[in-house]
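# Structural overview
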Amino acid sequence: MPRIAYVNGRYITHADAAVHIEDRGYQFADGVYEVCEVARGFIVDMPRHLARLNRSLTELSIAWPVTRNVLPLILREVVNRNHVVNGLVYVQVTRGVASREFVFPSANVKPALVVTARKADPAAGAKRAETGIAVITVPENRWDRVDIKTVGLLPNVLAKQKAKEAGAQEAWFVDADGNVKEGGSSNAWIVNRDGVLVTRPAEHGILRGITRTTMFEVAARLGLKIEEREFSVAEAKAAREAFISSATTIAMPIVAIDGDPIANGHPGSITLSLRHAFFDIAEKSPA
Ligand code: PMP
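Right, let's walk through the structure included here. Computed from a predicted structure; not experimentally measured.

## Digging into helix α8 (residues 269–281)
The first and last C-alpha atoms of α8 sit 18 Å apart over 13 residues, in line with the 18 Å expected at 1.5 Å per residue. Looking at α8, one finds that the buried residues are Ile270, Thr271, Leu274, Arg275, Ala277, Phe278, Phe279 and Ile281.

## Focus on the side chain of Ser246
Along the chain, the position of Ser246 falls in strand β13 (residues 241–246). Look past the residues within four positions of Ser246 in its chain and what remains in contact with it is Ser185, Ser186 and Thr211.

## What about the packing of helix α2 (residues 46–59) against helix α3 (residues 71–81)?
Running from N to C, α2 and α3 point in directions that differ by 125°, and their axes come no closer than 11 Å. It follows that α2 is oblique to α3 by the angle criterion. For the element pair α2 and α3, the recorded crossing hand is right-handed. Contacts between α2 and α3 involve Met46, Leu50 and Leu53 from the former and Leu71, Pro72, Leu75 and Arg76 from the latter.

## Observations regarding the packing of aromatic side chains
Applying the stated rule across the entire model yields seven aromatic pairs. Taking the centre distance of 5.6 Å and the plane angle of 85° together, the rings of Phe278 and Phe279 count as edge-to-face. Judged on exposure class, the residue Phe278 and its partner Phe279 are both buried. Through a chain of ring-to-ring contacts, three or more aromatic side chains come together here, namely Trp189, Phe216 and Phe243. Just above the ring of Phe104 sits the side chain of Arg95; from NZ or CZ to the centre is 3.6 Å.

## Thoughts on the pattern of salt bridges
Opposite charge on two side chains allows them to pair when their charged atoms are near. Enumeration over the complete set of coordinates arrives at 19 salt bridges. Note that Glu59 and Arg145 form a salt bridge whose closest N and O atoms lie 3.0 Å from each other. Taken together, the positions of Glu59 in helix α2 and Arg145 in the loop between β7 (133–139) and α5 (154–165) put the pair 86 residues apart, joining distant regions of the chain. With its nearest N and O atoms 2.8 Å apart, the salt bridge here joins Arg229 to Glu235. Look at Arg229 and you get partly exposed, because its relative accessible area is 27%. One connected set of salt bridges, linked through shared partners, spans Arg55, Glu59, Arg145 and Asp147.

## Details of helix α4 (residues 122–131)
Think of an α-helix as 3.6 residues a turn; residues three or four steps apart then line up on the same face. Regarding α4, its N-cap is Asp121, as a side-chain oxygen of that residue lies 3.0 Å from the backbone nitrogen of Ala123 further along. Phi for Gly132, located one or two positions after α4, is positive at around 85°.

## So, unusual backbone geometry
One non-glycine residue, Arg40, lies in positive phi territory at about 50°. Relative to the elements of secondary structure, Arg40 occurs in the loop between β3 (31–39) and β4 (42–44). Note on Arg40: relative accessible area 58%, which makes it exposed. Even without being a glycine, His83 presents a positive backbone phi close to 55°.

## Some words on the site of the ligand
Around the ligand, the structure places 19 residues, and the nearest of them are Lys149, Glu182, Ile210, Thr211 and Ala247. Thr211 has a polar side-chain atom sitting 2.6 Å from an oxygen atom of the ligand. Protein chains shield 94% of the accessible area of the ligand, which is 390 Å² for the free molecule. Contributions of two or more residues to the shell around the ligand are made by α2, β9 (180–183), α6 (210–221) and β13. For the shell around the ligand, a count of residues per class yields four nonpolar, 11 polar and four charged. Shared between two domains, the shell around the ligand holds at least three residues of each, these being domain 1 (4–120) and domain 2 (125–286).

## Side note on the sheet that holds strand β2 (residues 10–13)
Backbone hydrogen bonds are what pair the strands of a sheet, in a parallel or an antiparallel way. Strand order in the open sheet made by the seven strands is β2-β1-β6-β5-β3-β4-β16, with antiparallel pairing throughout. Both outer strands of the open sheet, β2 and β16 (284–286), are each paired with one neighbouring strand and no more. Taken over all neighbouring pairs, the strand axes of this sheet differ in orientation by 30° on average, direction set aside. Sheet analysis places strand β1 (residues 4–7) next to strand β6 (residues 112–119), joined by two bridges and oriented antiparallel. Across the sheet, Val7 pairs through a bridge with Val114, a residue of β6. Packed on one face of the sheet, α2 meets β3, β4, β5 (87–94) and β16 and runs near 175° to β3.

What counts, and at which threshold
- Residues numbered from 1 in each chain as written.
- Predicted model: local features only at pLDDT ≥ 70, side-chain atom pairs only at ≥ 80, totals over all residues.
- Heavy atoms only, no water.
- Helix = DSSP H or I, 4+ residues; strand = E, 2+ residues; numbered from the N terminus.
- Expected span 1.5 Å × (residues − 1).
- Buried < 20%, exposed > 50% of the residue type's maximum accessible area, 1.4 Å probe, protein only.
- Contact = heavy atoms within 4.5 Å.
- Axes fitted to C-alpha atoms, helices over the stretch in contact; angles between N-to-C directions.
- Parallel < 35°, antiparallel > 145°, perpendicular 65-115°, else oblique.
- Left-handed = near helix turned anticlockwise from the far one by under 90°.
- Phe/Tyr/Trp six-rings, centres within 6.5 Å; stacked < 30°, edge-to-face > 60°.
- Lys NZ or Arg CZ within 6 Å of the ring centre and 35° of its normal.
- Salt bridge = Lys/Arg side-chain N within 4 Å of Asp/Glu carboxyl O.
- Polar contact = N/O pair within 3.5 Å; in protein donor to acceptor, adjacent residues only side chain to side chain.
- Near = heavy atom within 4 Å.
- Areas by Shrake-Rupley, 256 points an atom, 1.4 Å probe, with all protein chains shown as cover.
- Nonpolar A, V, L, I, M, F, W, Y, C, P; charged D, E, K, R; others polar.
- Domains from an automatic or database assignment.
- Pairing = 2+ DSSP bridges.

If you want it as structure tokens, here you go:
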């Protein structure tokens, strides 16, 4: 059964799916994206992802490529045509195809829309959560609008590659004051000695993760307190627990930062309880 992608109005075989060489996403990273988790046949937190997509598009003055109520139908169609029960669906919108000029093309140029979906084995994530992951820290070197979910991800690519070469699974960007910002593709959290969750405010300087937002509701349901404030690498290393959140990892325990073990070097129980409660709280749209 071949994989199917949606490209600008057509459902085509994944292997044949292509965009033009002068797509502004390809030439300028002039585009935005979303990744939604698909779990047990549901698209997780889809309205929140589409609201963030709307914000990203608005911030960059890119028009919606299709009307807003049509996009969920395309997402569902791509998930179903690929028989994805567990996995992810990826949405990318770029400013479109035009001859290479930095300034925006004429209003006649239509934004380009690509949607793909792929399967993932939920057992792999569960297994990883049993052992936890290691993170490294890297200096923040991105622009100051990382609150917009653009496809300009080169610093994230380099940071995550560096993590991989160090035997770690994520890299945390650290600001000039030594405070943790977020991961290359995740938000950063710690649990302090009193069992309070600490995560950096999302006004600017980080992406407001959808999983992060839903995690606030999960924490409330579990009776856990959250402090939204900056925390340093030193505080994280001395924390009771640390974890990352993202659509594809949910709450994933961290067991080492820059090679230093967190607490006893095993996944924390609060992180695991957040992970297990997540799907009861998250909004599930039928695919
Ligand atoms: N920060 C960055 C830089 C990311 O790329 C991601 C994943 N898209 C996140 C945070 C987590 O966001 P979400 O929970 O919406 O997946």
